Amino acid sequence: MTAPKHFLQFNDFTREEFEYLFERASWIKGKFKRYEPYHPLFDRTLVMIFEKASTRTRLSFEAGMFQLGGAAIYLNTRDSQLGRGEPVEDAAQVMSRMSDVVMIRTFEQSIIERFAANSRVPVINGLTNEYHPCQILTDIYTWIERRGSIAGKTVTWIGDTNNMCNTWLQAAELLDFKVNVSSPKGYEVEPAKANLKKGSAHFEQFADPMEAARGADIITTDVWTSMGFEAENEARMRDFADFQVDAEMMRVADKGALFMHCLPAHRGEEVTAEVIDGPHSVVWEEAENRLHAQKALLEYLVCGRIDSK
Ligand code: CP
Ligand code: NVA
């Protein structure tokens, strides 16, 4: 049996594969919007394991699988044997004999890697502490829909430097754009944690968020306290207080800049209501595009390349 292809971090795919997926997402989205049935995953099953909460990821994978003609099964830690100590390796053996593709949202990246190493079918990262590749696949697809290629552009990342930021940094290396990062002291990017191949060649760290935002094409941020880090909430509210995306920041960005946020958002913390509900914001398109981009991803992992007709 040949080893299946997984999407555990952005780096797992090549630039050509992303170019294919962006095109494919657009084709699949168009077909869906025209109400033309398309069922390449008829009789196929996606298993989704959630060890953390989710709205968008669950909805988009479940609806996407259904729309492609297949079925999705939702498992969480509370109701499955995973929460009672069944080894991840054993779970992978069993689940991958009953399904065609698996999506996991969990804590440490090492958990999903252990699962994938024992899986007979492709495994997709639906968010770990370290990475959120499906979200960045979608965010870049959303940029391309609105503005064309992302190569040579500048993305400004404001705030915490964990899963979302790490994945933007990997994407910048692969798709040849730049990320300006501005985060509080003590929360700066760690290139080794982000698993960057080119070190800091595609990003720059700024102490001043306004400097990071100057001339940017995309301004993006995320919650100050991610899932699993709730114990740090009080300290983080203090540490991140000066790292809010506001109208002043959007004014120093490029005139056509887009504001992105993976959601859920906290208005008045990482972003003002004026920005997230304002004219630069594409957050609802971003959320919808999770569906279309991940349908392309599911199709690719289960069926391989298909020529768009
Ligand atoms: N952006 C995102 O992954 O949302 P959920 O946590 O709702 O899945
Ligand atoms: N960084 C956030 C993203 C949520 C989609 C978290 O990990 O909770």
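Look up a bit, the structure's there.
About the thresholds
- Residues numbered from 1 in each chain as written.
- Chains lettered and ligands numbered in written order.
- Predicted model: local features only at pLDDT ≥ 70, side-chain atom pairs only at ≥ 80, totals over all residues.
- Heavy atoms only, no water.
- Pairing = 2+ DSSP bridges.
- Helix = DSSP H or I, 4+ residues; strand = E, 2+ residues; numbered from the N terminus.
- Axes fitted to C-alpha atoms, helices over the stretch in contact; angles between N-to-C directions.
- Contact = heavy atoms within 4.5 Å.
- Core = buried A, V, L, I, M, F, W, Y, C linked by side-chain atoms within 4.5 Å.
- Buried < 20%, exposed > 50% of the residue type's maximum accessible area, 1.4 Å probe, protein only.
- Salt bridge = Lys/Arg side-chain N within 4 Å of Asp/Glu carboxyl O.
- Expected span 1.5 Å × (residues − 1).
- Arc of directions from axis to C-beta.

J.: Would you take a moment to explain the sheet that holds strand β3 (residues 101-105) for this structure?
T.: What holds strands together in a sheet is hydrogen bonding between their backbones, with the strands either parallel or antiparallel. Reading across the sheet, the 4 strands line up as β2-β1-β3-β4 and stay open at both edges, with parallel pairing between neighbours. Both edges of this open sheet fall to β2 (71-76) and β4 (123-125), since each of them pairs with a single strand only. Shown here is a sheet whose adjacent strand axes are inclined to one another by a mean of 20 degrees, direction ignored. Alignment of strand β1 (residues 45-50) against β2, held across 6 bridges, turns out to be parallel. When the sheet's bridge partners are listed, Thr45 is paired in β2 with Ala71. Contacts from helix α2 (residues 56-67) reach β1, β2, β3 and β4 within the one sheet, and its direction differs from that of β1 by about 170 degrees. Seen against the sheet, helix α12 (residues 283-303) touches β1, β3 and β4 and runs at an angle of roughly 155 degrees to β4.

J.: Would you take a moment to explain the nonpolar core for this structure?
T.: Inside soluble globular proteins, nonpolar side chains tend to come together where they are buried. Ranked by size, the top nonpolar core spans 55 residues in total, and within it Ile124, Ile140, Trp168, Phe177 and Val179 carry the most contacts. When neighbours within four sequence positions are excluded, Ile140 is seen to be in contact with Phe10, Phe22, Ile150, Trp168, Ala171, Leu175 and Phe177. With 17 residues, the next largest nonpolar core counts Phe243, Val252, Ala253 and Leu263 among its residues.

J.: So what exactly am I meant to see when it comes to the pattern of salt bridges here?
T.: Side chains that differ in charge, positive against negative, can pair when their charged atoms come close. A full pass over the atoms with the stated rule returns 19 salt bridges. Note that Glu62 is salt-bridged to Arg58, the shortest N-O span being 3.0 Å. Of the two residues, Glu62 and Arg58 both sit in helix α2, 4 residues apart, roughly one turn of that helix. For Arg58, a relative accessible area of 31% translates into the label partly exposed. A salt bridge links Arg146 to Glu285; the shortest N-O distance between them is 2.5 Å. Remark: Glu285 occurs in helix α12 and Arg146 occurs in helix α5 (residues 133-147); sequence separation between them is 139 residues. Counted as one network, the salt bridges with shared partners bring together Lys31, Arg34 and Glu36.

J.: Got a minute to help me understand α2 in this structure?
T.: Side chains that are three or four residues apart share a direction in an α-helix, a result of its 3.6 residues per turn. With 12 residues, α2 extends 16 Å from end C-alpha to end C-alpha; this agrees with the ideal 16 Å at 1.5 Å per step. Residues of α2 that are buried include every one of Thr57, Ser60, Phe61, Gly64, Met65 and Gln67, and no others. Relative to the axis of α2, the buried residues are bounded by an arc of 160 degrees and lie together on one face. In α2, the exposed positions angled more than 90 degrees off the buried face are occupied by Leu59 and Phe66. Gly69, located one to two residues past α2, shows a positive phi value of around 95 degrees.

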